[in-house]
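Results of the structural survey
Now for the letters of each chain:
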Amino acid sequence: MSAAQTTTADRPPAKQKTSPGAGTGSAGTSGTPSRKGPGAAPWLLLAPCLLIIVLIMGYPLFRLVSLSFQNFGKSELWGFKEAEFVGFDNFSKVLGDGEFWAVVARTVVFAAGAVILTMVIGMLIALLLQKVSGFVKILISVALVASWGMPIIVATAVFKWLFDADYGVLNYLMSKLPGVDMIGHNWFASGPEGLAVIMLLVIWGAVPFVVITLSAGLTQVPKELEEAARLDGAGAWGVFRHVTLPILKPIIVMLTTLSVIWDMGVFPQVFVMRNGNPEAEFQLLTTYSYQQAFVVNDYSGGSAIALVTVLLLLGVVAVYMRQMLKIGEVE
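Since we're looking at a predicted model, the values are computed, not measured. (Residues numbered from 1 in each chain as written. Predicted model: local features only at pLDDT ≥ 70, side-chain atom pairs only at ≥ 80, totals over all residues. Heavy atoms only, no water.)

Turning our attention to the overall build of the protein. Helix and strand content of the protein: 13 helices and two strands. Sorting the 331 residues of the protein into buried and exposed places 33% on the buried side. Put simply, of all contacts in the protein between residues at least 6 apart along the chain, 63% involve residues at least 24 apart. Total accessible area on the protein is roughly 21,000 Å²; 68% of this is exposed by carbon and sulfur atoms. (Helix = DSSP H or I, 4+ residues; strand = E, 2+ residues; numbered from the N terminus. Buried < 20%, exposed > 50% of the residue type's maximum accessible area, 1.4 Å probe, protein only. Contact = heavy atoms within 4.5 Å. Areas by Shrake-Rupley, 256 points an atom, 1.4 Å probe, with all protein chains shown as cover.)

Next up, the structure:
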């Protein structure tokens, strides 16, 4: 073939020279297009929820903070005196009170016991639901939803009847055991026994949510991994520890954090169980703050206690967020 017969189509395309900055420019250049952020769409979708939260919680939280830095009692409430700014005096008074730290310790022990028992019992029931027949699973699920949907006041009244000293069903049934006489036993004569009853009430109301959530998570555990672990010689505990538990870890972290927040904020169970006037050995942070504010009429002191409680719960939330970020980095 002569040179005259050679066309430009037969020639290989010439290599284009690229500048040092090629490939890093904007999307309109020949380089890789830059990624755009999510934009304002997520914020627009979240705006109604954020607005409701600000309207419902914004002013009460602002008022709580302002009261904790003032000297605000009954005279200030009725307008006879102007509220006086006292700085951190309320916090110094609260943090220097031995009774407050006793209440904090009691609240932490109560919440820790309730959370641990709730998670353990919830996990056991969720694992049990995977082994029973469909009819039994539906029956148990209906019972769990019914108990979960029961109002707290009604559940508290039922537990008061169960543990009543004179007509309690539990005392009657335990007295049927050989050598056991529980007739007339007052479960609320001491703080530890009474708080144990209230803890059972809290656990009874919290277990259904944990069971339903963990049951949904267990359906996502691959059966192939469980079978492979069994073939490698792992028993039931080994399969749960090395296969099921790591997959359920994000759900367990979420449930544990929510349980800590809920159980540290327990109020109606204690308040109603003790007929609106909890004794000193039954005081938790929520009831103690209520007593200082509305019984002693020290609204600024009650606000300071409530604000300290909020800060403690924010610490729990911070731990939760840290754990979730770690899980996200691993994934």
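It is worth spelling out the pattern of salt bridges at this point. Enumeration according to the criterion identifies four salt bridges in this entry. Across the pair E76 and K81 runs a salt bridge, and its minimum N-O distance is 3.9 Å. Residue classification places E76 among the buried residues on the basis of a relative accessible area of 11%. Judged by its relative accessible area of 48%, K81 is partly exposed. With a shortest N-O distance of 3.9 Å, R230 and E227 are connected by a salt bridge. Here the residue R230 and the residue E227 both occupy positions in helix α9 (residues 223-231), the gap between them amounting to three residues, near one helical turn. Here R230 falls in the partly exposed class, since its relative accessible area comes to 40%. (Salt bridge = Lys/Arg side-chain N within 4 Å of Asp/Glu carboxyl O.)

What follows is about the packing of helix α6 (residues 152-162) against helix α8 (residues 191-218). At their nearest, the axes of α6 and α8 sit 11 Å apart, and the two run at 140 degrees to each other. Viewed along their axes, α6 and α8 adopt a mutual orientation that is oblique. In this structure, α6 crosses over α8, and the sense of that crossing is right-handed. Taken together, the residues of α8 that come into contact with α6 (itself represented by A155, T156 and F159) are V197, L200, L201 and W204. (Axes fitted to C-alpha atoms, helices over the stretch in contact; angles between N-to-C directions. Parallel < 35°, antiparallel > 145°, perpendicular 65-115°, else oblique. Left-handed = near helix turned anticlockwise from the far one by under 90°.)

What follows covers the nonpolar core. By size, the foremost hydrophobic cluster in this structure holds 35 residues, and its most contacted members are F100, L214 and L285. Setting aside residues up to four positions removed in sequence, F100 forms contacts with V94, L95, L285, Y288, I305 and V308. Core analysis: the next-biggest nonpolar cluster, separate from the first, contains 24 residues, F163, L195, V197 and I198 among them. (Core = buried A, V, L, I, M, F, W, Y, C linked by side-chain atoms within 4.5 Å.)

On the surface, W43, L46, L50, L51, I52, I53, L55, I56 and M57 cluster together into a nonpolar patch covering about 970 Å² of accessible area. Within the fold, I56 resides in helix α1 (residues 41-68). (Patch = residues over 30% accessible without salt bridge, like charges linked within 9 Å, V, L, I, M, F, W, Y side chains within 5 Å.)

Attention now moves to unusual backbone geometry. The phi angle at N275 is positive, at roughly 55 degrees, despite the residue not being glycine. Checked against the element boundaries, N275 lands in the loop between α11 (268-273) and α12 (285-295). The phi dihedral of N297 falls on the positive side, at around 65 degrees, and the residue is not glycine. Tracing the chain through its elements places N297 in the loop between α12 and α13 (299-330).

On to helix α4 (residues 98-129), then. For α4, which comprises 32 residues, the first-to-last C-alpha distance of 46 Å matches the rise-based estimate of 46 Å (1.5 Å per residue) to within 8%. A distance of 3.2 Å separates the backbone nitrogen of E99 from a side-chain oxygen at the start of α4, and that oxygen is part of D97. (Expected span 1.5 Å × (residues − 1). Polar contact = N/O pair within 3.5 Å; in protein donor to acceptor, adjacent residues only side chain to side chain.)

Contact geometry of α8 with helix α10 (residues 236-264) gives a least axis separation of 10 Å together with a crossing angle of 155 degrees. Between α8 and α10, the crossing angle belongs to the class labelled roughly antiparallel. α10 is crossed by α8, and the crossing has right-handed handedness. Residues V202, F209, V210, T213, L214, G217 and L218 of α8 form the contact with α10, whose participating residues are T244, L248, I251, I252, M254, L255, L258, W262 and D263. Per-class residue counts for the contact of α8 with α10 are 12 nonpolar, three polar and one charged. (Nonpolar A, V, L, I, M, F, W, Y, C, P; charged D, E, K, R; others polar.)

Turning our attention to the side chain of Q292. One can find Q292 in helix α12. Q292 sits in the buried class, given a relative accessible area of 16%. If sequence neighbours within four positions are ignored, Q292 has contacts with N297, D298, Y299, G302 and I305.

Inspection of every chain in the model, using the stated rule, returns 18 aromatic pairs. Ring plane angle 20 degrees and centroid distance 6.1 Å describe the contact between F159 and F163, whose orientation is recorded as stacked. The pair formed by F159 and F163 is uniform in burial state, with each residue classed as buried. When the ring centre of F72 is taken as reference, the NZ or CZ atom of R63 above it lies at 5.5 Å. Note that R274 overlies the ring of F282, its terminal NZ or CZ placed 5.0 Å from the centroid. (Phe/Tyr/Trp six-rings, centres within 6.5 Å; stacked < 30°, edge-to-face > 60°. Lys NZ or Arg CZ within 6 Å of the ring centre and 35° of its normal.)

Relative to the helices and strands, F159 is located in helix α6. The sequence separation of F159 and V169 amounts to 10 residues, and the corresponding C-alpha distance is 9.8 Å. Setting aside anything within four residues of it in sequence, one finds F159 in contact with V197, L200, L201, W204 and M273.

This paragraph deals with the side chain of E76. Mapped onto the fold, E76 is located in helix α2 (residues 74-77). Engagement of the side chain of E76 in a polar contact is seen with the backbone nitrogen of G73, the distance being 2.7 Å.

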